[in-house]
Amino acid sequence: MKIINILNSPFRAILFCEMSKQFTLGKDERLKSRKLIEQLFDTGKSFVVTPFRVYFILNSELSAGKERSLLQFGVGASSKNFKKAVERNRIKRLTKEAWRLQKNALEEKVKASVKQLNVFFIYTGKELPDFAMVKDKVNVALKKLVDTIDESISQNS
RNA sequence: GCUACAAACCGAGCUAUCGUUUCUCGCCUUAGGCGAGAGAAGGAAAGUCCGGACAGCACAGAGCAUUGCACCGGUGAAAAGCCGGGUAUUUCAACCGAUGCCGAAAAAGUAUGUUGAAAUAACAGAUAGUGCCACAGAAAAUAACUGCCUUCUCUCUCUCCUUAAGGAGAGGGUUGGGGUGAGGUUGAAAAUGUGGGGUAAGGGCCCACAGCUUUUGAUGGUGACAUCAUUAGCGGGUAAACCUUGCAAGCUGAAAUGCCACAUAUACCAUCGUUUGAGGACUGCUCGUCCGAUGAUGGAGGGUAGGCAGAUUGAUCCCGUUGAGCAAUCACCGGGACAGAUAAAUGAUAGUUUAGAAACAGAAUCCGGCUUACGAGUUUGUAGCGUUU
RNA sequence: UGACCCAUGGUGUAAUGGUAGCACUACAGAUUUUGGUUCUGUCUGUUAAGGUUCGAAUCCUUAUGGGUCAA
């Protein structure tokens, strides 16, 4: 009963949530729909952070459905550069892990600006990376995304 | 003891923190959320080289084509799989040993033979037919050329007879005709090899020995086949050239297919056609049969791209006892195991153990094989090297 | 996932099972005061490993690499 009480109190609820659910990457946080991905590649913008090319698109929250998460994410590696499925899997896993551990700041920013963001990473390098490098580069990309959100807000206002 | 190769086994474990996915249970609430528990890549999941299951379409039938396979028996759902056997070739070992060829001799414990072991084999047919066989060589296959023979012809010389023509004999030439077939430097391959007889000259033309193929019979074996006797022969190679014979195969693959939801355009343009038949089905073609009018083909354009089933327990795999079998494998009983995603799950970080913070490598409908890639160690086998006795 | 095709010097392409050819490129030489043009010569090759055959770029098998089609 004590636990329920704690859950019911608004302050505690936020704290609990932040502690336990900080570094998740569930189904609704990943880009799943083929249609949305095609839209992202057709109309979205992109920039390059050395081994990665990052596609993103900012939607207003109203246009997106309520069920969808505010921030959705996807990774890819071309089978031309990496012929073996094991290598492609490894790149996707490393990138997912790096995103999972570092995306929180961006999520807060998106929430604050009342928008919805879709991001897709494509690995364009030709050699297998290690985790430290991937983590570093994803961090750079995240900072760039935060900057672009700031710009769009300032333009609107 | 070391190294190499082949086969079999195994294909890392533990702790902490964060995280993914499926199922079950509980709570809140019926949109979903939270918590707990359990499960979560391979020996090759790979290549897609074979074979199936399963599904859809088709299924009165006939012929042709196409593709694949090819010693025998067993096994298996089936297979270019597996097991056992036969035959051939090669290598090794042991034994017999010049009986053949060549030669003046050496050659030699060599060839050949017998037995055993291992390896390899797309291992039906070259006497159904067609094609091809570079260079070299006379010739790469009914043959021609060269050579040999000729008491056929032509022609020259000499001798004899008769003397008008001519005739007879001997010797030479080789234009032509006839006979003959392996002697002819080559080549990967040359009409079975050697000896003798025979002949105008020669030839398996005949004989002896040897080799190979074949007919028939007997014996053994389920059979391939083997042994013995007998009969007829000696024809180059190539079928992984076309092909012939026998056997098998309907076509398409889960992005198949069925259902639900959502959305639209039965509109527009061109060509053909409406019983004098466009087009379609029998799925490669033909015959034949059937269907056939709000029709067929193409162009340009519009809409959707969500969910459920298929779909993960099946010819299933593993272990053990017993039985059948040489074995592959099969049968009975007992026990155990088996992921299920859909932009697609097994991860990251730190520490630690072995041995170096392991190699090859990631399920996507599912099985049986084959092939290829690979790590450390153990066992077995083969080969080589070194040390000791 | 399924089906299919291809591989010849550095590049583009030929070659009935019988000496791997052609063009461009590169290099060297000649011509020219020098460079270019032109001429002459040289270098470099059948994707790999097995098999069939007297003999394989070619036929067969396996592997490697590249490409095409099917929503």
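Calculation rules
- Residues numbered from 1 in each chain as written.
- Chains lettered and ligands numbered in written order.
- Predicted model: local features only at pLDDT ≥ 70, side-chain atom pairs only at ≥ 80, totals over all residues.
- Heavy atoms only, no water.
- Helix = DSSP H or I, 4+ residues; strand = E, 2+ residues; numbered from the N terminus.
- Buried < 20%, exposed > 50% of the residue type's maximum accessible area, 1.4 Å probe, protein only.
- Contact = heavy atoms within 4.5 Å.
- Core = buried A, V, L, I, M, F, W, Y, C linked by side-chain atoms within 4.5 Å.
- Phe/Tyr/Trp six-rings, centres within 6.5 Å; stacked < 30°, edge-to-face > 60°.
- Near = heavy atom within 4 Å.
- Polar contact = N/O pair within 3.5 Å; in protein donor to acceptor, adjacent residues only side chain to side chain.
- Salt bridge = Lys/Arg side-chain N within 4 Å of Asp/Glu carboxyl O.

Chemist: Could you clarify how one ought to interpret the overall build of chain A in this entry?
Modeler: Check the secondary structure of chain A and you find 6 helices and 4 strands. Tracing chain A from N to C terminus, the helices and strands come up as α-α-α-β-β-β-α-α-β-α. Looking at chain A as a whole, 34% of its 157 residues qualify as buried. Residue pairs at least 24 apart in sequence account for 78% of intrachain contacts in chain A once pairs closer than 6 positions are excluded.

Chemist: Mind showing me how you'd approach the nonpolar core here?
Modeler: Across soluble globular proteins, nonpolar side chains show a tendency to be buried alongside one another. Counting residues in hydrophobic clusters, the biggest one holds 28 residues, and the most contacted among them are W99, L106, L117, V119 and F121. Going through the elements one at a time, β1 (45–49), β2 (52–60), β3 (71–77), α4 (85–102), α5 (104–113), β4 (115–123) and α6 (131–156) are the ones with two or more residues in this core. Sort the elements by how many residues they give to this core and α6 lands first, with 7 residues. What W99 contacts, discounting residues up to four positions off in sequence, is L25, L71, F73, L106, V119, F121, V138 and L142.

Chemist: I'm lost on the side chain of T95 in this one. Help?
Modeler: Positionally, T95 belongs in helix α4. Ignoring any residue separated from it by four or fewer positions in sequence, one finds T95 in contact with F52, F73, V75, F121, V134 and V138.

Chemist: How should the packing of aromatic side chains be read in this particular structure?
Modeler: Aromatic ring pairs are described here by two measures, namely the spacing of the ring centres and the angle between the planes. With the rule as written, the count across this model stands at 6 aromatic pairs. Summarising the aromatic geometry, the rings of F73 and W99 are spaced 4.3 Å apart at their centres and angled 10° between planes, so their arrangement reads as stacked. Of this pair, F73 sits in strand β3 while W99 sits in helix α4, placing them 26 residues apart in sequence. Taking relative accessible area as the criterion, W99 reaches 2% and is therefore assigned buried. Joined through ring pairs, the aromatic side chains of F52, F73, W99, F121 and Y123 make up one cluster.

Chemist: Can you help me understand the protein's contact with RNA strand B in this one?
Modeler: Among the 23 residues in the neighbourhood of RNA strand B, the closest are listed as L31, K84, N89, R90 and R100. If you look at RNA strand B and keep only atoms within 4 Å of the protein, 84% of those are sugar or phosphate atoms. The contact in question runs from a base nitrogen of RNA strand B to an N or O atom on the side chain of E97, over 3.2 Å. Within the side chain of R100, an N or O atom sits 2.7 Å from a sugar or linking oxygen of RNA strand B.

Chemist: Could you clarify how one ought to interpret the environment of K126 in this entry?
Modeler: Relative to the helices and strands, K126 resides in the loop between β4 and α6. Overall, the relative accessible area of 66% leaves K126 in the exposed class. Each C-alpha atom of the pair K126 and G44 lies 25 Å from the other, and the pair is 82 residues apart in sequence.

Chemist: Is there a simple way to think about the pattern of salt bridges in this case?
Modeler: The tally for this structure, following the rule as stated, stands at 2 salt bridges. One salt bridge connects R100 with E97, and the closest N-O pair in it is separated by 2.5 Å. Separated by 3 residues within a single helix, R100 and E97 lie in helix α4, roughly one turn from each other. For R100, a relative accessible area of 22% corresponds to the partly exposed category. We note a salt bridge from D150 to K109, for which the minimum N-O separation is 3.1 Å. Of this pair, D150 sits in helix α6 while K109 sits in helix α5; the two residues are 41 residues apart in sequence, bridging distant segments of the chain.

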